[in-house]
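The primary structure of each chain is shown beneath.
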Amino acid sequence: MSDPVSGISRADVAHLADLARISLSDDELDHLAAELPAILEHVRVVQEAAGDDVTPMSHPLPISNVFRDDEVRESLTAEEALEAAPASEQQRFLVPRILGDEQ
């Protein structure tokens, strides 16, 4: 079986860049056409190292989210929250406009 990685052409790289919506210059296409086979070979080596007994993971350390129970409890009323605001209008926080009127 021939190695499909070694036969990567400049046109193949241009096609991949187009699929990924990446704009590459002629120099970048030439450089990547030469480098991509080596990159893919490294990926192949890593894939071989991970045997069937290795669990695929997205992070090298275990990650878990710590959630608290979602309990209803006392909170501020709208009036209490707006008391501390520098400005309010119609039971809403009044903030400076940061966007223009363009729509």
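I will try to describe carefully the structure that is included in this document. (Residues numbered from 1 in each chain as written. Predicted model: local features only at pLDDT ≥ 70, side-chain atom pairs only at ≥ 80, totals over all residues. Heavy atoms only, no water.)

Bringing the overall build of the chain into the picture now. The number of helices and strands found in the chain is three helices and two strands. When its helices and strands are written in sequence order, the chain yields α-α-α-β-β. For the chain, the proportion of its 103 residues judged to be buried stands at 10%. Summarising the internal contacts of the chain: among those between residues at least 6 apart in sequence, 29% fall at separations of at least 24. Of the accessible surface of the chain, which amounts to about 10000 Å², a share of 55% is contributed by carbon and sulfur atoms. Here the chain holds 7 positive side-chain charges and 22 negative ones, and the gap between their average locations is 6 Å. (Helix = DSSP H or I, 4+ residues; strand = E, 2+ residues; numbered from the N terminus. Buried < 20%, exposed > 50% of the residue type's maximum accessible area, 1.4 Å probe, protein only. Contact = heavy atoms within 4.5 Å. Areas by Shrake-Rupley, 256 points an atom, 1.4 Å probe, with all protein chains shown as cover. Lys, Arg positive; Asp, Glu negative; His and termini not counted. Charge placed at Lys NZ, Arg CZ, Asp CG, Glu CD.)

Look at helix 2 (residues 26–49): 35 Å from first C-alpha to last across 24 residues, which is about the 34 Å you get at 1.5 Å a residue. Along helix 2, the sharpest kink reaches roughly 35 degrees, centred on Glu 35 and followed within four residues by the proline Pro 37. The secondary structure elements touched by the buried residues of helix 2 are helix 1 (10–19). (Expected span 1.5 Å × (residues − 1). Bend = angle between axes of the 7 residues up to and from the residue.)

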